[in-house]
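What the coordinates show
If you want the building blocks of each chain, they are given just below.
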Amino acid sequence: QVQLVESGGGLVQSGGSLRLSCAASGSFFRINAMAWYRQAPGNQRELVAHIGSGGSTNYADSVKGRFTVSRDNAKNTVYLQMNSLKPEDTAVYYCYAGFIRFGTPYEYAAWGQGTQVTVSS
């Protein structure tokens, strides 16, 4: 299994920055793609940023140019640098990882517990 532990959330003023981290641990053969999702009250969970095992990235239109996703494969860690934050970025942010278990060719999903990001106006 894989455990994902997020950190770095908090309260910030509009225009400010935060950096989220998510570290994967446990027993697995390989981590494939990693991603950040977010869910605001009353809304569905939405994809914020995605990074493949080779480093290719995709972003939601609403965060392009403001957020940057990166990863350190040696540490099994994914980061989300969030700049120029807006009140509408307020949400619980969740880390996601697709991973391969030893002895199987299948990909499984792991989710973090979520970290609150609040942007005040």
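Residues numbered from 1 in each chain as written. Predicted model: local features only at pLDDT ≥ 70, side-chain atom pairs only at ≥ 80, totals over all residues. Heavy atoms only, no water.

1. Some details on the sheet that holds strand β8 (residues 77-82)
- Pairing in this open sheet of four strands is antiparallel, and the strands run β1-β3-β8-β7 from one edge to the other. Each edge of the open sheet carries a strand with a single partner, namely β1 (2-7) and β7 (67-72). Neighbour-to-neighbour, the strand axes of the sheet open up by a mean angle of 15°, direction not taken into account.
- Relative to strand β3 (residues 18-26), β1 is paired through six bridges, and the arrangement is antiparallel. Along β3, the bridge assignment pairs leucine 4 with alanine 24. (Pairing = 2+ DSSP bridges. Helix = DSSP H or I, 4+ residues; strand = E, 2+ residues; numbered from the N terminus. Axes fitted to C-alpha atoms, helices over the stretch in contact; angles between N-to-C directions.)

2. Side note on the pairing of strand β10 (residues 107-111)
- Inspection of the sheet shows strand β9 (residues 91-100) paired to β10 by five bridges, in the antiparallel sense. Within the sheet, the bridge partner assigned to alanine 97 lies in β10 and is alanine 110.
- Hairpin connection, β9 to β10: the antiparallel pair is bridged by six residues, and glycine 103 has positive phi, about 85°.

3. Topic: the pairing of strand β11 (residues 115-120)
- Judged by which residues are buried, β11 turns out to be one-sided: Thr115, Val117 and Val119 face inward and are buried, whereas Gln116, Thr118 and Ser120, on the alternate face, are not.
- In the sheet, strand β2 (residues 10-13) pairs with β11 via four bridges, with the strands oriented parallel. Looking across to β11, one finds that glycine 10 is bridged to valine 117.
- Bridge analysis of β9 against β11 gives three bridges, and the strand direction is antiparallel. (Buried < 20%, exposed > 50% of the residue type's maximum accessible area, 1.4 Å probe, protein only.)

4. Description of the nonpolar core
- Within the largest apolar cluster, 31 residues are counted, with the highest numbers of intra-cluster contacts made by Trp36, Leu80, Met82 and Tyr93.
- Taken together, the elements giving at least two residues each to this core come down to β1, β3, β4 (30-39), β5 (46-51), β7, β8, β9 and β11.
- Per element, the largest residue contribution to this core is five residues, and it comes from β9.
- Among residues more than four places away in sequence, those in contact with leucine 80 are Leu18, Arg19, Leu20, Trp36, Val48, Ala49, Phe67, Thr68, Val69 and Tyr93. (Core = buried A, V, L, I, M, F, W, Y, C linked by side-chain atoms within 4.5 Å. Contact = heavy atoms within 4.5 Å.)

5. What about the state of the cysteines?
- All told, the structure shown has one disulfide when counted by the stated rule.
- Across the disulfide, cysteine 22 is cross-linked to cysteine 95 (sulfur-sulfur distance 2.1 Å). One disulfide, between cysteine 22 and cysteine 95, carries an S-S torsion of -85° and so falls in the left-handed class. Remark: cysteine 95 occurs in strand β9 and cysteine 22 occurs in strand β3; sequence separation between them is 73 residues. Each member of the pair, cysteine 22 as well as cysteine 95, carries the same accessibility label: buried. (Disulfide = S-S within 2.5 Å.)

6. Some words on the environment of asparagine 32
- One can find asparagine 32 in strand β4.
- Exposure remark for asparagine 32: the relative accessible area of 14% places this residue in the buried category.
- The spacing of asparagine 32 and aspartate 61 is 29 residues in sequence and 23 Å in space, taken between C-alpha atoms.
- Those residues within four positions of asparagine 32 in sequence are excluded, and the remaining contacts are Ser53, Arg71, Gly98, Phe99, Ile100 and Glu107.
- Within polar-contact distance, the side chain of asparagine 32 engages the side chain of arginine 30 at 2.8 Å. (Polar contact = N/O pair within 3.5 Å; in protein donor to acceptor, adjacent residues only side chain to side chain.)

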